[in-house]
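Residue strings, one per chain:
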Amino acid sequence: MSPRNDDTPRRGDSPRRGTSRDLPTEGDETRDTGRSRGFGGIGDARAYTPRGRTMAERDQRTRSPRAGRTTDPFRPALQVLDGGRPQRGRRPAETEPPAEKETAAKTEKPGKTEKPGKTEKPGKPARAGQRDPRREPPRSRRPEIDEDDGDELRQRRERAAGRGVRVRDGGKPSAKTARDSRSPFAPRTRKEAAGKPTGRTLAKGSPAATKSPATKSRAVRAITPEPPKLANSTKRLRLGTVLALSLFVMIGVRLVVLQVASSPADAARLIKLREDRISSITLPAPRGSILDRDGTVLAHSVEARYVAADPMLVKDPSQTAAILAPLLGVAQSKLIPKMTKHTRADGRQSRFEFLAQGVDIAIGDRIAGMKQLSGIVVGQDERRDVPGADLASNLIGFTSADNAGLEGMEARYDSLLRGTPGEQEFEIGKGDLDAPIPGGYQSYTEPQPGNSIELTIDGDLQYEVQGLLSEQLQKWKASIGGAVVIDVKTGEVLAQASYPPYNAAKPLDVSPSTRDDVPSGIVADPGSIHKAFMIGAALQEGVITPDSAITVGPGLERGGYPFQDSHMQPKGTKMTIPGILALSSNVGTILIADRLGKQKVYEYQQKFGLGKATNEGVAGEVPGKILAPDEWSGSASGSVPIGMSVDATLIQMAAGYAAIANDGTYIQPHLIKNVISGRDGKVTPGAAPEKHQVLRPEVARELRTMMEAVVDEDDATGTQARVVGYRVAGKTGTGKRLVDGKYTSSNYGSFIGMAPAENPRFVIAVSAEVPNGTGGDVAAPAFSKMMSSALLHYGVPPSSTPAPKFRIHP
């Protein structure tokens, strides 16, 4: 069924659902000026919404584009029939079209109304006085007045319609319907249009208006003015969506402009504004500790305070520096520039400058209580503490005020010990609000603690060795000296002492030369302790045997330089290999080296570890120097075998002797046992030491046995190195120290030995520079005491077999 056209008359005159009872009918040209327009109820409110539209009308509007263009879209919803207000509980009577008003007035009886909505069946003619909707012409949009009515009757009817009463056939209004029932939208009469107020009009469609056929008029649909556009919820939703999308588009375009299309100057300005509000503080990372092999602390960091300044807030740098200088121990000339406003290397204003670090807690708390010092900050810090003071100080070294390693192992392993500093950035206010802004920008980078290092050093043995060294060298008025204790089987350095020691907590109180680690940092001619290497090489190469005898004679001359023994022997005197070692014969050693040749001498020097640093783990270790065969001069064949044209450190010589003690296997000396992670405590063993074979085991044992003659023979040079209960093998040496290209006048005496000689556990090397004396006089006695302490400390059992007897001469 096709939808009904808006111009097609409806069945009956009853108002449709949703129509307003107070809306004027079409064609009314006048209205009451004495009453304002308003809504009468829910029907009036719904007249402005699409809900009053029927399904057929909505479907018609959807299907018929022409109807949408030629008709009012709100017409179905705002349809009003005759402008009347129906009585409650009954449908209003249907009115006739104006075209059949005369016929209806003649055929119908007065007061009789037609049943609303009743029509003839198809095929039958309509009854008299009943309209046929199919045949009637289109209705006019203006109410029509019967042409036969006189002017007077027309005027009365118009006035009656304006007052809302019914007019009888005679032209007079009925008293029964004289009550005021006019609608706010009722038409006005000409007099009312001229400005005279009238009563309320009779609502069309009411029973009072339909009792008399003479008052019937054709029902005309009234179309009210179109309501505001925002009354449509769909339009409101669409408009809100468009506005929201437009807002987001504008914001997005602005962001793109700020980030992409802005000029570099704008970007720089924004960055600078942000940077001016950002304050940063460096958070120091805890530095790792240095421990001995048993976990005893040799150096660690303890809680302290730092004192810093914000140059932007310091009001009087000069006065503030005058107050802080005596407390911090820093000169005013160094404090004032740090507290004066200045820019950093990156162009930003400096907001944080350290004035002192590692300050004692008591001093830091005292400065923090000085509220008159504006811009001064006191925070938690740490400083390096050395519990043993001078214990292994030359070996460990020290750090700077900012905990950076400067010397010794602190410098060598600074990257492991130091850790990674953290940083805290936060947004601050200006002026008196110079404090972190709650909810503002904040950035925190947690400092990563450094790793700890566990050394091979035995703290107790280090203390004993260091004390014995100082005691002996003070007696001989030595200028410098050193001692090394090596575990033969592992290559671990159990003690490494220097003389004189210094307090590592106050390193600047002594000269730099005093802080040197003597065993690894001082080179000198090893002297006669080098002879053991030549004897071992000759045995290894087979040019001699333990029973060989060498004619030592009175002396030799090489390259114009005479070489003779300290124990002068008559011409043609023969001497055994143990005798050459026991009496430290220069002539005998030179003659044995001649059998080897300079190339073999050079090769075995390298095998024993000379000419290069041992890399035991101390910063600044000196590699020493040995002469290659092509560098030998005419006298080198005499000087090199006896250790006079050789530059070596004490740790190098001790490592070479450890190879003899370890059955001919060289093990690199080392100080690092483990590295302990500062984050999770994971223990990582130190790097494995380098190993290589120098001598065959039987050759090494033969050499050790012959070296016992140096200690056991009464006329030998090392008798003061004896240790009660233990067999000792070793060698004395006396050389010179080269300083600035010149030899000093002092003697550089040394002794290196091992015990027990039949199965050595330790090698100890001692050296000292003294005005007078030899290695047997100065170093041997110190060795004896140190070896005794080491053997006792580790519970090494005494020798079970007596020392062999030697023959000096065949």
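Every chain is numbered on its own, with residues counted from 1 as its sequence reads. Restriction of local features to residues with pLDDT of at least 70 applies here, the model being predicted, together with a cutoff of 80 or more for giving and counting side-chain atom pairs; totals for whole chains, interfaces and linings are based on all residues. Values reported for side chains reflect all heavy atoms of the structure, with hydrogen atoms and water molecules removed beforehand.

Undergrad: Please explain the side chain of Thr 399 as it appears in this structure.
TA: Following the sequence through the fold, Thr 399 ends up in the loop between helix H13 (393-396) and helix H14 (408-412). For Thr 399, the residues in contact, after removing those within four places along its chain, are Arg 287, Arg 384, Ala 404, Gly 405, Leu 406 and Glu 410. Secondary structure elements are taken from DSSP: a helix is a run of H or I of four residues or more, a strand is a run of E of two residues or more, and numbering for both begins at the N terminus. Any two residues whose heavy atoms approach within 4.5 Å are treated as being in contact.

Undergrad: Quick question: what am I supposed to make of the sheet that holds strand E6 (residues 422-427) here?
TA: For sheets, the rule is that strands pair by backbone hydrogen bonds, running either parallel or antiparallel. Strands were regarded as paired on the criterion that DSSP finds at least two bridges between them. Spatially, E1-E6-E7 is the arrangement adopted by the three strands of the open sheet, whose pairing is antiparallel. With one partner strand each, in any of the chains shown, strand E1 (278-283) and strand E7 (442-445) form the two edges of the open sheet. The average angle at which neighbouring strand axes cross in this sheet is 15°, direction not considered. Looking at chain direction, E1 and E6 are connected through six bridges and run antiparallel. Bridge pairing in E6 places Leu 283 opposite Gly 422. Throughout, an axis means a line fitted to C-alpha atoms (over the contacting stretch in the case of helices), and angles, computed between N-to-C directions, take values from 0 to 180 degrees.

Undergrad: I would appreciate a short explanation of the pattern of salt bridges in the present structure.
TA: Where charged atoms of side chains with opposite charge meet at close range, the side chains can pair. Here, a salt bridge means any Lys or Arg side-chain nitrogen found within 4 Å of an Asp or Glu carboxyl oxygen. For the structure on display, the rule yields 20 salt bridges. Where Arg 515 meets Glu 407, a salt bridge forms, and the shortest distance between an N and an O atom there is 3.1 Å. Of this pair, Arg 515 sits in the loop between strand E10 (493-499) and helix H17 (518-521) while Glu 407 sits in the loop between H13 and H14, and the two are 108 residues apart along the sequence. Given the relative accessible area of 22%, Glu 407 is considered partly exposed. Put simply, Arg 558 and Asp 594 hold a salt bridge, and the shortest N to O gap is 2.6 Å. Of this pair, Arg 558 sits in strand E12 (residues 555-558) while Asp 594 sits in helix H20 (residues 586-596); the two residues are 36 residues apart in sequence, bridging distant segments of the chain. On the basis of relative accessibility, which here comes to 18%, the residue Arg 558 falls in the buried class. Each residue is placed in one exposure class: buried if its accessible area under a 1.4 Å probe, protein chains only, is under 20% of its type's maximum, exposed if it is over 50%, and partly exposed if it falls in between.

Undergrad: When you look at the sheet that holds strand E9 (residues 480-487) in this model, what are you seeing that I'm missing?
TA: What the five strands build is an open sheet, ordered E10-E9-E23-E22-E19; its pairing is antiparallel. The sheet is open, and its two edges are formed by E10 and strand E19 (729-735), each paired on a single side. Taken over all neighbouring pairs, the strand axes of this sheet differ in orientation by 5° on average, direction set aside.

Undergrad: Explanation requested: unusual backbone geometry in the structure shown.
TA: Most peptide bonds take the trans configuration, and most residues that are not glycine carry a negative phi. For the peptide bond that leads from Tyr 499 to Pro 500, omega is 0°, which places it in the cis range. If you trace the backbone, Pro 500 turns up in the loop between E10 and H17. A cis geometry characterises the amide bond from Ala 755 onward to Pro 756, with omega recorded as -20°. Examined against the element boundaries, Pro 756 turns out to sit in the loop between strand E22 (747-755) and strand E23 (762-770). We note that Ala 389 has phi near 60°; this positive angle belongs to a residue other than glycine. Residue position: Ala 389 is located in the loop between strand E5 (376-385) and H13. A positive phi angle, close to 60°, is found at Asp 663, a residue other than glycine.

Undergrad: Explanation requested: the packing of aromatic side chains in the structure shown.
TA: The description of an aromatic ring pair rests on the distance of the ring centres and on the angle between the ring planes. Working definition: rings of Phe, Tyr and Trp (its six-membered ring) pair if their centres are within 6.5 Å, and the pair is stacked with planes under 30 degrees apart, edge-to-face with planes over 60 apart, and tilted otherwise. Following the criterion strictly, the structure yields seven aromatic pairs and no others. Relative to Phe 354, the ring of Phe 352 has its centre 5.0 Å away and its plane inclined at 85°; by these criteria the two rings are edge-to-face. What makes Phe 354 partly exposed here is its relative accessible area of 23%. Ring geometry for Phe 762 versus Tyr 794: centroids 5.5 Å apart, planes at 55°, classification tilted. You can see Phe 762 sitting in strand E23 and its partner Tyr 794 sitting in the segment after helix H26 (775-793), a full 32 residues away along the chain. In this structure Tyr 794 comes out as partly exposed when scored by relative accessible area, which is 25%.

Undergrad: Can you walk me through the environment of Ala 782 in this structure?
TA: Secondary-structure assignment places Ala 782 in helix H26. On the basis of relative accessibility, which here comes to 3%, the residue Ala 782 falls in the buried class. The sequence separation of Ala 782 and Val 465 amounts to 317 residues, and the corresponding C-alpha distance is 8.8 Å. For Ala 782, the residues in contact, after removing those within four places along its chain, are Gln 472 and Val 766.

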